[in-house]
Amino acid sequence: MSVELDDPARRWYEPGVFTVAPGVHRIPLPLPDELRAVNVYAVEGNDGFTLIDSGLVLDAARTQLEAALKDLGGGLGDVRQFLVTHVHRDHYTQAVAVRRDFGARVGLGVGEQPSLAVVSNPASTPYRHQLASLRRNGAEKVADELTAVLPEESVPHSAWEAPDEWLQPGTVVRAGHRGLEAKATPGHTQGHLVYFDRAACLLFGGDHILPHITPSIGLEPVPGESPLGDYLDSLRAVRLLPDARLLPAHGPVIDSSHARIDELLRHHDTRLQLTAEAVVQGAATAYEVSEALRWTGREREFATLPPRHQMMAVIETVWHLALLEVRGVVTSEERNGTIRFAPASTG
Ligand SMILES: [Zn+2]
């Protein structure tokens, strides 16, 4: 590998080291799923690197990260700190493994405490919260199918350990000569942070703002009350920052954080409207609403999605319905363990 200037025309997930700004490099690391890769960003400092996110604990990812840092004139032992955007395994778990071997410091948003406590507990089973939610929302079939494929997907409990520092939103973290402002952006997960380099106008966006896909909402063991409401508020809060170059965790670097935020806000407006219409047409459970909607950029029918994507679709719908209920558009009632929605009476 060699260090190259980043080029938005190339496939973003190809391995390498791509310079996105002076002293800031994008290092895509492999993932075994359809996301293909996660971008780790290496920020140079006078005493070593700060890495934003870490990748999944995976031999191939470790090898590629090591090779990339070598091209930058260092190695894993030169990683001073990891600033992790959120607790999902593709962002967090390699930081824990590298810390074990080399002693780097790991920082994670304090809002991730409840979810980390669950995933690191040996007694907890993967997706327990989500499976329970599926069953209460009419999607027993999805829950059953998902349960059958789960074991091959899980990361061992031992891969999870507490960070060295639970970062408070608003903290300014030093990375070489830079100050990175940790901004609370709950929604994708409760404790999600983005890191903003105000001087260089760079936004390390994690999974809060992705250029090609819409981030999943509240897909975590301990979600908040209204993750979609939180997410939309977080988008509006980041929209108040200066327009910045967006350095996302999945996908290519793009020039305008504002333009993408506007698209994401419009997307959720449309989805909320379609969700409300489906309820008016008689879909009563989140499962039925999910079946009535189309999914992914390719407008796929719900039934054609693999179980894990069906889970994500139903959970996404649950949060859209929850926000519509907060807004007084629909009402819900739980009977015999199933939550059913109806249009709010207008009279
Ligand atoms: Zn994530």
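Residues numbered from 1 in each chain as written. Predicted model: local features only at pLDDT ≥ 70, side-chain atom pairs only at ≥ 80, totals over all residues.

Attention now moves to the overall build of the chain. In terms of helices and strands, the chain carries nine helices and 17 strands. The C-alpha radius of gyration of the chain comes to 20 Å, within 12% of the 20 Å expected for a compact globule of 347 residues. Burial analysis of the chain (347 residues in total) assigns 45% to the buried set. Considering only contacts in the chain between residues 6 or more positions apart, those separated by 24 or more positions represent 63%. (Helix = DSSP H or I, 4+ residues; strand = E, 2+ residues; numbered from the N terminus. Rg over C-alpha atoms; globule rule 2.2 N^0.38 Å. Buried ≥ 20, exposed ≤ 12 C-beta atoms within 10 Å, placed from the backbone. Contact = placed C-beta atoms within 7 Å.)

Strand order in the open sheet formed by eight strands is 1-2-3-4-5-6-7-8, and the pairing between neighbours is mixed. Pairing within the sheet leaves two strands with one partner each, and these edge strands are strand 1 (3-5) and strand 8 (165-167). Averaged over neighbouring strand pairs, the angle between their axes works out to 30° when direction is ignored. In terms of strand pairing, strand 4 (residues 37-45) meets strand 5 (residues 48-52) through five bridges, oriented antiparallel. Paired with Gly45 across the two strands is Gly48, which belongs to strand 5. Sitting on the sheet, helix 1 (residues 59-71) is in contact with strand 1, strand 2 (17-21), strand 3 (24-30), strand 4 and strand 5, with an inclination near 155° to strand 3. Packed on one face of the sheet, helix 2 (residues 89-102) meets strand 4, strand 6 (79-83) and strand 7 (105-109) and runs near 155° to strand 7. (Pairing = 2+ DSSP bridges. Axes fitted to C-alpha atoms, helices over the stretch in contact; angles between N-to-C directions.)

Pairing geometry for strand 9 (residues 172-175) and strand 10 (residues 178-184), over four bridges, is antiparallel. Counted as the bridge partner of Val172 is Glu181 from strand 10. Taken together, strand 9 and the strand that follows it, strand 10, pair antiparallel across an intervening segment of two residues, in which Gly176 is found at a positive phi of about 60°.

What follows is about the environment of His91. Inspection of the secondary structure puts His91 in helix 2. Given 25 C-beta atoms within 10 Å, His91 falls into the buried group. A C-alpha to C-alpha distance of 4.8 Å links His91 and Gly55, two positions 36 residues apart in sequence. Contact partners of His91, with chain neighbours within four places excluded, come to Val38, Asp53, Ser54, Val84, Thr85, His86, Gly206 and Ala249.

This brings us to the domain arrangement of the chain. Taken domain by domain, the chain consists of domain 1 (3-120 + 160-255) and domain 2 (127-156 + 267-347). Just the C-alpha atoms count here: the centres of domain 1 and domain 2 sit 29 Å apart. Listed as interface residues are 15 residues of domain 1 and, on the opposing side, 13 residues of domain 2. Secondary-structure elements contributing two or more residues to the side of domain 1 that touches domain 2 are helix 2 and helix 6 (227-239). When residues in the side of domain 1 that touches domain 2 are grouped by element, the largest group, four residues, is from helix 6. Residue composition of the side of domain 1 that touches domain 2, grouped by class: eight nonpolar, six polar and one charged. (Domains from an automatic or database assignment. Nonpolar A, V, L, I, M, F, W, Y, C, P; charged D, E, K, R; others polar.)

Counting 88 residues, the largest nonpolar core has Val40, Tyr41, Tyr195 and Val314 as the members making the most contacts within it. No other element matches helix 9 (residues 307-326), which puts ten residues into this core. Beyond its immediate sequence surroundings of up to four residues, Tyr41 is in contact with Val24, His25, Arg26, Leu51, Ile52, Phe204 and Leu247. (Core = buried A, V, L, I, M, F, W, Y, C linked by C-beta atoms within 7 Å.)

On the basis of which strands lie adjacent, the open sheet formed by five strands has the order 9-10-11-12-13 and mixed pairing. Two strands bound the open sheet, and with one partner strand each, they are strand 9 and strand 13 (245-248). Put simply, the sheet's adjacent strands are angled 25° from each other on average, direction ignored.

Another aspect to go through is the pairing of strand 7. With four of five residues buried, strand 7 is to be regarded as a mostly interior element. As paired elements, strand 6 and strand 7 share three bridges and run parallel to each other. Within the sheet, the bridge partner assigned to Leu83 lies in strand 7 and is Gly107. In terms of handedness, the path from strand 6 via helix 2 over to strand 7 forms a crossover that is right-handed. By the bridge criterion, three bridges tie strand 7 to strand 8 in an arrangement that is parallel. Among the inter-strand pairings, Leu108 is bridged to a residue of strand 8, identified as Trp166. (Right-handed = clockwise from strand over helix to strand, strands pointing away.)

Mapped onto the elements, Thr331 comes out in strand 16 (residues 330-335). What makes Thr331 partly exposed here is the crowd of 14 C-beta atoms within 10 Å. Every residue in contact with Thr331, bar those within four places of it in the chain, is listed here: Glu325, Ala342 and Ala344.

Further remarks concern helix 4 (residues 128-136). For helix 4, every residue scored as buried is listed here: Gln130, Leu131, Ser133 and Leu134. With its buried residues spanning 160° around the axis, helix 4 presents them on a single face. The exposed set on the far side of helix 4, more than 90 degrees from its buried face, consists of Arg128 and Ala132. Against helix 5 (140-149) and helix 9 lie the buried residues of helix 4. Taken from the residues just after helix 4, Gly138 is the one with a positive phi, measuring 85°. (Arc of directions from axis to C-beta.)

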